[in-house]
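# Residue-level structural notes
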Amino acid sequence: MKAAEAQTQVSDYWTRRAPAFDGVASHVAQASLWRDVLAAAFEAQEAKDVVDLGTGTGACALIAASLGHRVRACDGSEGMLAAARWAAEASGLDVTFEHALIEEVSFAPGSADIATLRNVLWTLPEPMAALRKAYLLLRAGGLVLVSDGLWSVAAQYRSTYPGALAASLPRHDGLTEDEARLMLSDAGFGLARSWQHLFPASPYPGDVPMFVLTASKG
Ligand SMILES: C[S@@+](CC[C@H](N)C(=O)[O-])C[C@H]1O[C@@H](n2cnc3c(N)ncnc32)[C@H](O)[C@@H]1O
């Protein structure tokens, strides 16, 4: 399957899942733990320009906004973004959302201090292109934060993508921390630092191996 067709199927899948996503996702149950971990990992003493790439229902974007940062976010699924817009309005938080693929988002190069991609790399037809885009969006010295997990180890986290779509996604089984470190390095980032030890246990029931990494644009 060509990358463009895979991407269309991924976006359509998430639009179909959007109405129920926040009801099942552990990020909602663990929101305050995520807030503590992101606050530490951002290492920000003042308000920063944050871009959340593949924001979904806006969980990380809203946490970043609640920490006082200026936040823009994008997603390829209009349905997920509708839920994100609703959540931002309901919580009174100011986030600028754009319906766009990460690779095509209109945010200006060099306009962000922090770029976040949580649970996005595994579902991308071209994950390296997204990391290179994050690099482009960041100012010198800016920080990328990636979080993902080895979803293949636990049945409840395996996607329900059709087989042909799953087979066309290079990271569909998920990622280990070491694999993510290599990808960050290949995208031009400096040595990555891990933060998942700040969780008392894996935030995903079933103890899925997961990581939270930050790395700087030199
Ligand atoms: C598992 S959800 C994660 C959402 C959110 N980051 C979170 O942590 O809750 C994956 C999201 O990535 C989005 N996505 C997939 N490919 C994308 C792309 N190329 N550009 C932008 N968003 C994309 C999907 O639409 C979906 O909302």
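Counting restarts for each chain: residues are numbered from 1 in the order of the written sequence. Given that this is a predicted model, residues contribute local features only at a pLDDT of at least 70 and side-chain atom pairs are listed and counted only at 80 or more, while totals for whole chains, interfaces and linings are drawn from all residues. With hydrogens and water excluded, all non-hydrogen atoms of the structure serve as input to the side-chain values.

## Brief notes about the side chain of histidine 172
Worth spelling out the cut-off: Counting from the N terminus, the helices are DSSP H or I runs at least four residues long and the strands are E runs at least two residues long. Only protein chains enter the accessibility calculation, which uses a 1.4 Å probe. A residue is then buried if its area is under 20% of the maximum for its type, exposed if over 50%, and partly exposed in between. In the analysis that follows, any N or O atom pair within 3.5 Å is treated as a polar contact, provided that within protein one partner can donate a hydrogen and the other can accept it, and provided that, for residues neighboring in sequence, both atoms belong to side chains. Whether two residues are in contact is decided by their heavy atoms: any pair within 4.5 Å suffices.
Within the secondary structure, histidine 172 sits in the loop between helix H7 (163-168) and helix H8 (177-186). The buried category is assigned to histidine 172, whose relative accessible area is 12%. One polar contact links histidine 172 to serine 159, side chain to side chain, over a distance of 2.6 Å. Non-local contacts of histidine 172, meaning those with residues more than four positions away in its chain, are made with Trp122, Arg158, Ser159, Tyr161 and Ala166.

## Looking at the site of the ligand
Stated precisely, the cut-off is as follows: Proximity criterion: a residue is near a molecule or strand once any of its heavy atoms comes within 4 Å of it. Residue exposure ignores everything except the shown protein chains as possible cover, and the areas themselves are Shrake-Rupley values with a 1.4 Å probe. Only protein atoms enter the 1 Å grid, on which a cavity is a set of points fitting a 1.4 Å probe that cannot get out and a pocket is an open set with protein on both sides within 12 Å along at least 5 of 7 lines, lining residues being those with an atom within 4 Å of a point. Any molecule with more than half of its atoms within 2 Å of a cavity's or pocket's grid points is regarded as sitting in that cavity or pocket. Residues were grouped as follows: Ala, Val, Leu, Ile, Met, Phe, Trp, Tyr, Cys and Pro as nonpolar; Asp, Glu, Lys and Arg as charged; and all remaining residues, including Gly, as polar.
Neighbouring the ligand are 21 residues, the closest being Gln7, Gly54, Asp75, Ile102 and Arg118. The separation between a nitrogen atom of the ligand and a polar side-chain atom of glutamine 7 is 2.9 Å. Glutamate 103 places a side-chain nitrogen or oxygen 3.3 Å from a nitrogen atom of the ligand. For the ligand, the accessible surface in isolation is 600 Å², of which the surrounding protein chains cover 98%. According to the grid-proximity analysis, the pocket containing the ligand is the largest pocket. A total of 4 residues in the shell around the ligand trace back to one element, the largest contributor, which is helix H1 (residues 3-24). For the shell around the ligand, the residue count by class is 9 nonpolar, 9 polar and 3 charged.

## A closer look at the side chain of glutamine 196
Along the chain, the position of glutamine 196 falls in the loop between strand E6 (193-194) and strand E7 (210-216). If sequence neighbours within four positions are ignored, glutamine 196 has contacts with Glu177, Met210, Phe211 and Val212.

## Quick notes on the nonpolar core
Convention followed: Only buried residues count toward a nonpolar core. Its members are Ala, Val, Leu, Ile, Met, Phe, Trp, Tyr and Cys residues joined through side-chain atoms within 4.5 Å.
Ranked by size, the top nonpolar core spans 74 residues in total, and within it Leu53, Leu117, Leu131, Val144, Val146, Tyr161 and Leu184 carry the most contacts. Dropping the residues within four chain positions of it, leucine 117 is found in contact with Leu53, Ile102, Ala130, Leu131, Ala134, Val144, Leu145, Val146 and Ser147.

## Description of the layout of surface pockets
Note the cut-off: Grid points are joined across faces, edges and corners, and a volume is the space filled by probe spheres set on the points.
In this structure, the largest pocket spans a volume of roughly 900 Å³. The biggest single contributor to the lining of the largest pocket is H1, with 8 residues. Considered class by class, the residues forming the lining of the largest pocket number 19 nonpolar, 18 polar and 7 charged.

## A look at the packing of aromatic side chains
Where we set the bar: Think of it this way: a Phe, Tyr or Trp ring, Trp meaning its six-membered ring, pairs with another when their centres are within 6.5 Å, and the plane angle makes it stacked under 30 degrees, edge-to-face over 60, tilted otherwise. Remark: a charge is flagged as sitting over a ring if the NZ atom of Lys or the CZ atom of Arg is within 6 Å of the ring centre and within 35 degrees of the ring normal.
Per the stated rule, a full pass over the model turns up 10 aromatic pairs. Between tryptophan 34 and phenylalanine 199, the ring centres sit 4.9 Å apart and the planes meet at 70°, which makes this aromatic pair edge-to-face. Here the residue tryptophan 34 occupies a position in helix H3 (residues 31-42), and phenylalanine 199 occupies one in the loop between E6 and E7, the gap between them amounting to 165 residues. Comparing tryptophan 34 with phenylalanine 199 shows no difference in burial state: the two are buried. Between tryptophan 34 and tyrosine 204, the aromatic rings sit 6.4 Å apart at their centres with planes inclined by 55°, giving tilted as the arrangement. Of this pair, tryptophan 34 sits in helix H3 while tyrosine 204 sits in the loop between E6 and E7, and the two are 170 residues apart along the sequence. Given the relative accessible area of 0%, tryptophan 34 is considered buried. Judged by relative accessible area, tyrosine 204 falls into the buried class, the value being 4%. Ring pairs connect the aromatic residues Trp34, Trp151, Tyr157, Phe199 and Tyr204, which therefore count as one cluster. The side chain of arginine 118 reaches across the aromatic face of tryptophan 34, ending 4.4 Å from its centre.

## Some thoughts on the sheet that holds E6
To keep it simple, the criterion reads: Only when DSSP finds a minimum of two bridges between them are two strands counted as paired. Axis definition: a line fit to C-alpha positions, over the contact stretch in the case of helices; interaxial angles, taken between N-to-C directions, run 0 to 180 degrees.
Read from one edge of the open sheet, 7 strands run E3-E2-E1-E4-E5-E7-E6, paired in mixed fashion. Among the strands making up the open sheet, the edge pair consists of strand E3 (95-99) and E6. Two strands pair when backbone bridges link them, and strand E1 (residues 49-53) and strand E4 (residues 112-118) are joined in this way by 3 bridges, in the parallel orientation. Across the sheet, valine 51 pairs through a bridge with alanine 115, a residue of E4. Contacts from helix H5 (residues 78-91) reach strand E2 (70-75) and E3, with the element oriented near 170° to E3. Against the sheet, helix H6 (residues 127-137) engages E1, E4 and strand E5 (138-149), with an angle of about 150° to E5.

These figures come from the coordinates and say nothing about function on their own.
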